[in-house]
Amino acid sequence: QVRLVESGGGLVQQGGSLRLSCRTSGIAFKFSGMYWDRQAAGKQRDLVAAISTDGSTNYTDPVKGRFTISRDNAWNTVYLQMNNLKLQDTADYYCHTTWKTLNYWGQGTPVNVAS
């Protein structure tokens, strides 16, 4: 059974930092690309960051230079370090992977940035 469990969200002041974690099970993690998506209230879910099996990364333009995605294959965990948070980063954040042609998401963790 594939499971993705996010943690680390919360309330933070604008300009602050949070580190999200996503612990996985049921997949061959080191062979899986991993992604962080986010969905703000009333909006579609969008890709924020991606990390491939070789560690190469990609980011959507609004978070470049502020967010860092990383992975720890020993712990089957992917992280999202978020610095200099802005009001527009407020959203539910979801860990995402594709395993055996199926897409999986975790339950999400909320990030609320206050002014």
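Our subject is the structure listed above.
Residues numbered from 1 in each chain as written. Predicted model: local features only at pLDDT ≥ 70, side-chain atom pairs only at ≥ 80, totals over all residues. Heavy atoms only, no water.

(A) Just the sheet that holds strand E1 (residues 3–7), in detail. If you walk across this open sheet you meet the four strands as E1-E3-E8-E7, and the pairing is antiparallel. In the strand order of this sheet, the two ends are held by E1 and strand E7 (67–72), each with one partner. Strand-to-strand twist of the sheet, defined as the mean angle between neighbouring strand axes without regard to direction, takes the value 15°. In this structure, E1 lies alongside strand E3 (residues 18–25), joined through five bridges in antiparallel fashion. Note on E3: the bridge partner recorded for Ser7 is Ser21. (Pairing = 2+ DSSP bridges. Helix = DSSP H or I, 4+ residues; strand = E, 2+ residues; numbered from the N terminus. Axes fitted to C-alpha atoms, helices over the stretch in contact; angles between N-to-C directions.)

(B) Representation of the pattern of salt bridges in the model. Inspection of every chain in the model, using the stated rule, returns three salt bridges. Residues Asp89 and Arg66 are paired through a salt bridge, measuring 2.7 Å at the closest nitrogen-oxygen approach. Placement of Asp89 in the loop between strand E8 (77–82) and strand E9 (91–99) and of Arg66 in the loop between strand E6 (57–59) and E7 is noted, with a sequence separation of 23 residues between them. Judged by relative accessible area, Arg66 falls into the buried class, the value being 8%. (Salt bridge = Lys/Arg side-chain N within 4 Å of Asp/Glu carboxyl O. Buried < 20%, exposed > 50% of the residue type's maximum accessible area, 1.4 Å probe, protein only.)

(C) A look at the environment of Thr60. As for its position among the elements, Thr60 is in the loop between E6 and E7. Classification of Thr60 as partly exposed rests on a relative accessible area of 26%. For the pair Thr60 and Asp46, spaced 14 residues apart in sequence, the C-alpha to C-alpha distance is 9.0 Å. In this structure Thr60 touches Leu47 and Val48, once residues within four positions along its chain are discounted. (Contact = heavy atoms within 4.5 Å.)

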